Amino acid sequence: MKVHECDAREIFRRHGLPVPDWRVASTADDAAQAASAFEWPVVIKAQVLAGGRGKAGGVKLADSPAEAAAAATQILGLNIGSEPVRRVLVAPAVDIARELYLGVVIDRTAQSLVLMASAEGGVDIEEVAATNPSAILRVNVDPVVGLPDWEARQLGFALGLTGAQVRQFVGIAQGLVEAFVDVDASLAEVNPLVVDDAGDLQAIDAKLNIDDNALGRQPDIEQLRDPHEESEAERRARAAGLSYIKLDGTIGCMVNGAGLAMATMDVIKHYGGEPANFLDVGGGAGVEKITTAFELILEDPNVRAVLVNIFAGITRADDVAAGVIAARERLTQEVPLVVRVAGTREAEALELLDCAGIGAERSMDSAAALVVEAAR
Amino acid sequence: MKVHECDAREIFRRHGLPVPDWRVASTADDAAQAASAFEWPVVIKAQVLAGGRGKAGGVKLADSPAEAAAAATQILGLNIGSEPVRRVLVAPAVDIARELYLGVVIDRTAQSLVLMASAEGGVDIEEVAATNPSAILRVNVDPVVGLPDWEARQLGFALGLTGAQVRQFVGIAQGLVEAFVDVDASLAEVNPLVVDDAGDLQAIDAKLNIDDNALGRQPDIEQLRDPHEESEAERRARAAGLSYIKLDGTIGCMVNGAGLAMATMDVIKHYGGEPANFLDVGGGAGVEKITTAFELILEDPNVRAVLVNIFAGITRADDVAAGVIAARERLTQEVPLVVRVAGTREAEALELLDCAGIGAERSMDSAAALVVEAAR
Amino acid sequence: MSILLDATTRLVVQGMTGSQGSFHTRLMREAGTRVVAGVTPGRAGASVAGLEDVPVFNTVAEATQETGANAACIFVPAAFAADAILEGVAAGLDVIVCLTEGIPVLDMLRVMPRVRASGSHLIGPNCPGITTPADGVKVGVMPWAVHSPGHAGVVSRSGTLTYEVVQHLTDLGAGQTTTVGIGGDPIIGTRFIDVLSMFEADPETHGVVLLGEIGGDDEERAATYIQERMTKPVTSFIAGKTAPPERRMGHAGAIVSGTSGSATAKESALRAAGVLVGETPEHAARLLVDRLR
Amino acid sequence: MSILLDATTRLVVQGMTGSQGSFHTRLMREAGTRVVAGVTPGRAGASVAGLEDVPVFNTVAEATQETGANAACIFVPAAFAADAILEGVAAGLDVIVCLTEGIPVLDMLRVMPRVRASGSHLIGPNCPGITTPADGVKVGVMPWAVHSPGHAGVVSRSGTLTYEVVQHLTDLGAGQTTTVGIGGDPIIGTRFIDVLSMFEADPETHGVVLLGEIGGDDEERAATYIQERMTKPVTSFIAGKTAPPERRMGHAGAIVSGTSGSATAKESALRAAGVLVGETPEHAARLLVDRLR
């Protein structure tokens, strides 16, 4: 789950990061009024979850209430990455002497957190990683132990900071790691972390993504979810425990397991078809879940045939079969359906389907070939 | 530093321990009034830092306001371990089905915390340790990682608790470890941790000692210090950075380093004398510190001679010599003084003392023999 | 021979009294696995339908002491699974298979240093488990019927895709020494390289199918290992060629690993290491069967 | 020969720019120690009076890379000392001597797992350091003048008591291979047993004086080690026979160690292990000198 900048700022500030004051506004008037609380110039920033906000014109400076209102009007009229801008953040503009990058993510290989810092902040850090990887300094951090002072200090000196700045940096780096651990983040980033004209460090941006698996124990963070983050279909899928991504093809897919779901799409493509979606029903698929899955697939007007491919392990194939039968009875649309079930309780499942008059393919390949044919 | 039961209760409760409500009173009337807020009977407990409170008559039950007032009057009249009782704690008496012991201390050998639990709670746990050591269960705990659920659960089952009680116990054991770490304790103890008639666990006593070295970062805990915990002389010693313990002999001792201070006492005894005190001036001894040390020693009317034994390492012998000279000039009392200085800046120190007309012994043995002679 | 499990495996099932735990424990017994104990805190002595002869204990330590269990299978909700892993590690189990899906990443980061410092092999979490057909041992939820004894090793990040490939191998007459589902989470106890080295050392395993998917760089690291250390043939299928760019995989992930995580990149790395990469799961199975002939 | 330090020791002083750090660094140099660097964060390039030729760095890593330092001496305030130890460990130093007094116990508990997992020897904290007279190396604050080269090893929990005994050894004509003050805190990096095993393995050390004091059970554990493993003569003095029952040592401490921690108990344990226990520090020194004749 992604967290909006304004909420991430609040969390970072709570962990001691020097985040300049800000206000949030959803109209140009409010933005102009909010700006008047600060010294001029102010910066006005689109609050969207998509990246590339600056390039899309979502960040502007303003030197007066009129300019602030004009800038806010422009930004509130934007769509950034297909996401309409609903709110702007207003904050005093900082005189920037240097821009650094600071971020914390999971390091899968080292199985720890990794704190990344770069003297080349402000720009696209992926770009730095691709063109000048040695400009990114990394420190692995044990989330239980936290970041030791000496290691934060060493990093601060390596970034070319002075003694007094390094003392600030130690608190910032440790605070960012603490924030990451505290909210079960998957990404916590300050880009840029700036040195202002007075030589002090300031965190003038804040980015925070949360580990979806941990939201159950982060009720305060769950509250920050932007209902617009996902489409209505995705929201319904998530509520039902399904993983659904809409694509552009004509063959609806319902599969258990992400790996098999992707393989099924690959095989459909191999036989000349185009998948209309990725849909993983996960483990333990009951009637409601299967019904919702069918609904989601059939709402897509491009869908001309549906492939159900279940290889049951922890799931029971007979449960899935019962779900398919019940769902089919409830649904009105007539779209060709190709079913393949195998694995745990396979025999019972095939019997159920047979009784319901639904034929079943034995292999994924034959099922894919058949559904591609049906969708033509 | 020792923390009073009522303060320890507050800290334990903050970490989720089930501590029954209580009030604190310093007069019998207040105690009776406080008791009326609870159901009868209530328990009235002396708030003293010394141990052996129960045996000394410092804990009584009361079944009415009159009984409560009478019990409080009795307890407030007691001296427990030379400590007058100034306050009592009043709490509802709990119907006890079982008494357990739970404590956290430092395990020097394993270099970790150790959680100790016993099904034989309520009694003197030292007695259990001496007579039936296997009745005490131990779990080493890494203070960084904390106590894992499974290990707390395993301990709970080993104490003979039921499934529901074990769930309570896990929270209590983890809370006690967290409290220990949170306040930099050296001991955190619940004795007894009781199972009440309803089968629920309740922490009806609370004991907490703090690591003196950590008080600098525990300002809230430092506030809880009982000024009566130490004598006026001890308080002055601590304020001056001295470690002072009064004893019964006639030879005042001023030594740097606890080991050498104890050895000096041993050697005095070896030559037939009796030390009047233990006094470690520690490292880095300036004029003020030495002066305070002399004052403390000479306030003891039993002192008939003083031995200064300094073997300088991190301390500078010349600083000590200057301190001795200055202190001698300020002091009016005439008590024989034997000085031995050696080590870092020894030559400079001897020269200073010589100029001031103070002779110095070369060895601890000769100095001890001399001071024993002088004290006769 | 096989890897990780064999005829000496004595299994304790953590969470056996739950509906999923009891259902799959019965299936594991049908496959031939010696399930010697169940563990559910507070349910010691409970009797589970169809498993009346399997004693239930409060703790893994007790189960291990009483029954000589040396492996565990974890069916415990995500909020408690990391703790269940630590309990198995502390009890000194050789193999711990954690099926639980949805464990927070930080929980696994907290667990892994202790797993690595121990002598326990953790498989998973979020994995289907392990099968060794010749010994009749299955730990986890893989459909037993698709398996057959033989000389192919299978290692996979995906659950159901594994069954698919094992089915093809069996259909093509190629049985398996051991099939290991290592799990699809970012932080897992045993990775491709660990399993490949076990297969390389196992004389009964003559070749390996490696099933990967988009994301992370474990396939690329496996490719390096195969090139430098493996003498046995390896074939592979990488799921996700037609998948949209993985949305959950943020930018910084790619910065850390230094790879794109795409199916094409993984296939290239594997091919460069001499691995035969199949177009479909069935193709990957057939490629291995051809090599083993 | 000697233990822990020798002519190859190249020392970095953490906290060298402070008044105590600079004073004692000058004394270490007078003794002959090769002090190659100082470290004070934010003071890189600073010049310290009397130590103008010793470069000051911001970090231990930098100091080590630039100067080849392999040992550290820590003069850092208690609140920062645990971190300074970790910095030395991370830089891969062989020996880290921490003189700082008053470090909170929990800080040391947090540090020790990392020290133990490393190749670094931590001496202290709250210790006077190490001397190896034949090599002219002193790390710490022991008064150099009392030392002389020879064949006695000295290990002690107490600072100033150590100087006392070393002085007696020197006066009695018995020089020292190495003197190690291990420190008086409850949690220390190197304990009696560790140093005894080094002395046992060092051919130049012919006998050892062990200086203990009341509290804890390290002397009792040392006694067991001496009885089971040591071939060289050991004499001892235990301070605190006349001390009042140690007030800081709570009940639970005794429960954990299972010993009383009294001087008498320690003396008995040592005597039972064949250690000659002196009545005074001078007596303990003389007993060793007699055994080495």
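Scroll up to find the structure.
Thresholds applied
Residues numbered from 1 in each chain as written. Chains lettered and ligands numbered in written order. Predicted model: local features only at pLDDT ≥ 70, side-chain atom pairs only at ≥ 80, totals over all residues. Heavy atoms only, no water. Helix = DSSP H or I, 4+ residues; strand = E, 2+ residues; numbered from the N terminus. Buried < 20%, exposed > 50% of the residue type's maximum accessible area, 1.4 Å probe, protein only. Areas by Shrake-Rupley, 256 points an atom, 1.4 Å probe, with all protein chains shown as cover. Lys, Arg positive; Asp, Glu negative; His and termini not counted. Charge placed at Lys NZ, Arg CZ, Asp CG, Glu CD. Contact = heavy atoms within 4.5 Å. Buried area = accessible area lost by both parts, 1.4 Å probe. Salt bridge = Lys/Arg side-chain N within 4 Å of Asp/Glu carboxyl O. Polar contact = N/O pair within 3.5 Å; in protein donor to acceptor, adjacent residues only side chain to side chain. Nonpolar A, V, L, I, M, F, W, Y, C, P; charged D, E, K, R; others polar. Axes fitted to C-alpha atoms, helices over the stretch in contact; angles between N-to-C directions. Parallel < 35°, antiparallel > 145°, perpendicular 65-115°, else oblique. Phe/Tyr/Trp six-rings, centres within 6.5 Å; stacked < 30°, edge-to-face > 60°. Pairing = 2+ DSSP bridges. Right-handed = clockwise from strand over helix to strand, strands pointing away. Expected span 1.5 Å × (residues − 1).

Q: Looking at this structure, how should I read the overall build of chain A?
A: In terms of helices and strands, chain A carries 13 helices and 18 strands. With the C-alpha coordinates of chain A rotated into their principal frame, the extents come out at 80 × 50 × 40 Å. Buried positions account for 56% of the 376 residues belonging to chain A. With an accessible surface of roughly 14,900 Å², chain A has 48% of that area assigned to carbon and sulfur atoms. A gap of 2 Å separates the mean positions of the 33 positive and 56 negative side-chain charges of chain A.

Q: Please clarify how the interface of chain A and chain C should be interpreted in this entry.
A: The parts lose accessible area when they come together, and the size of an interface is often stated as this lost area. Facing the 55 residues of chain A at the interface are 57 residues of chain C. A buried area of about 4,600 Å², summed over both sides, lies between chain A and chain C, and 60% of it is on carbon and sulfur atoms. Here chain A and chain C share three salt bridges between them. With its nearest N and O atoms 3.7 Å apart, the salt bridge here joins C:Asp171 to A:Arg362. Our count for the chain A to chain C interface comes out at 14 residue pairs in polar contact (both at pLDDT 80 or more). The element best represented in the side of chain A that touches chain C is helix 9 (residues 258-270) of chain A, accounting for nine residues. Grouping the amino acids of the side of chain A that touches chain C by side-chain chemistry returns 27 nonpolar, eleven polar and 17 charged.

Q: So what exactly am I meant to see when it comes to the interface of chain C and chain B here?
A: Taken together, the contact pairs ten residues of chain C with eight residues of chain B. Both faces combined, the contact of chain C with chain B buries some 830 Å², and carbon together with sulfur accounts for 64% of it. Remark: the boundary between chain C and chain B carries two salt bridges. A per-element tally of the side of chain C that touches chain B places helix 3 (residues 78-90) of chain C first, with four residues. Partitioned by chemical class, the residues of the side of chain C that touches chain B number four nonpolar, three polar and three charged.

Q: How should the packing of helix 5 (residues 149-158) of chain A against helix 3 (residues 78-90) of chain D be read in this particular structure?
A: Geometry of a packed helix pair, given as the angle between the helix axes and the separation of the axes. One can describe the packing of helix 5 of chain A onto helix 3 of chain D by two numbers: an axis separation of 8 Å at closest approach and a directional angle of 65 degrees. Considering the angle they form, helix 5 of chain A stands roughly perpendicular to helix 3 of chain D. For the pair helix 5 of chain A and helix 3 of chain D, the contacting residues are A:Asp149, A:Trp150, A:Arg153 and A:Gln154 in the first and D:Asp83, D:Leu86, D:Glu87 and D:Ala90 in the second. Across the contact of helix 5 of chain A with helix 3 of chain D, the residue classes break down as three nonpolar, one polar and four charged.

Q: Hey, could you run me through the pattern of salt bridges in this one?
A: It is possible for side chains of opposite charge to pair when their charged atoms get near one another. Residue and element names in this part refer to chain A. Scanning the model with the defined rule gives 63 salt bridges over all chains in all. Two residues, Arg 235 and Glu 232, come together in a salt bridge whose shortest N-O distance is 3.3 Å. On the criterion of helical spacing, the pair formed by Arg 235 and Glu 232 is a turn pair, its members being three residues apart in helix 8 (residues 232-239). Residue classification places Arg 235 among the partly exposed residues on the basis of a relative accessible area of 34%. A salt bridge links Arg 316 to Asp 318; its shortest N-O distance comes to 3.3 Å. Classification of Asp 318 by relative accessible area gives buried; the value is 10%. A single salt-bridge network, built from bridges that share partners, covers Glu 5, Arg 9, Lys 45, Arg 53 and Asp 205.

Q: Got a minute to help me understand the packing of aromatic side chains in this structure?
A: By convention here, two paired aromatic rings are described through the distance between centres and the angle between planes. One pass over the structure, following the stated rule, counts two aromatic pairs over all chains. Ring centres of B:Phe311 and D:Tyr163 lie 5.7 Å apart, and the angle between their planes is 70 degrees; this geometry places the pair in the edge-to-face category. Highlighted residues: B:Phe311 in strand 17 (residues 305-312) and D:Tyr163 in helix 5 (residues 160-171), drawn from two different chains. Residues B:Phe311 and D:Tyr163 agree in their burial class; the two are buried.

Q: Where do I start with the environment of C:Glu220 in this structure?
A: Checked against the element boundaries, C:Glu220 lands in helix 7 (residues 218-229). The sequence separation of C:Glu220 and C:Ser268 amounts to 48 residues, and the corresponding C-alpha distance is 8.9 Å.

Q: Just to check I follow, could you spell out the pairing of strand 4 (residues 71-74) of chain D for this structure?
A: Each regular strand carries side chains that alternate between the two faces of the sheet. Residue and element names in this part refer to chain D. Of the two faces of strand 4, the one carrying Ala 71 and Cys 73 and the one carrying Ala 72 and Ile 74 are both buried. As defined by bridge partners, strand 1 (residues 11-14) adjoins strand 4 across four bridges and the pair is classed as parallel. Bridging from a neighbouring strand, Leu 11 pairs with Ala 71 of strand 4. Here four bridges tie strand 4 to strand 5 (residues 95-98), and the two strands are oriented parallel to one another. The partner of Ala 72 across the bridge, within strand 5, is Ile 96. In this fold, the crossover linking strand 4 to strand 5 by way of helix 3 has right-handed handedness.

Q: What is the right way to look at helix 9 of chain A in this model?
A: Residues and elements named next belong to chain A. Between its first and last C-alpha atoms helix 9 spans 18 Å; for 13 residues at 1.5 Å apiece the expected length is 18 Å, and the two agree. Counted residue by residue, helix 9 has ten buried out of 13 residues, so it is predominantly covered. Within helix 9, the full set of buried residues consists of Gly 259, Leu 260, Ala 261, Met 262, Ala 263, Thr 264, Met 265, Asp 266, Val 267 and Ile 268. Just beyond helix 9, the residue with positive phi is Gly 272, at close to 95 degrees.

Q: Where do I start with the sheet that holds strand 5 of chain D in this structure?
A: Backbone hydrogen bonds hold the strands of a sheet together, and the pairing may be parallel or antiparallel. All names here are of chain D. With respect to topology, six strands assemble into an open sheet ordered 3-2-1-4-5-6, the strand pairing being parallel. The sheet is open, and its two borders are formed by strand 3 (56-57) and strand 6 (121-123), each paired with just one other strand. Strands in contact with helix 1 (residues 19-31) are strand 1, strand 2 (35-39) and strand 4; relative to strand 1, the strand with the most contacts, it is inclined by about 165 degrees.

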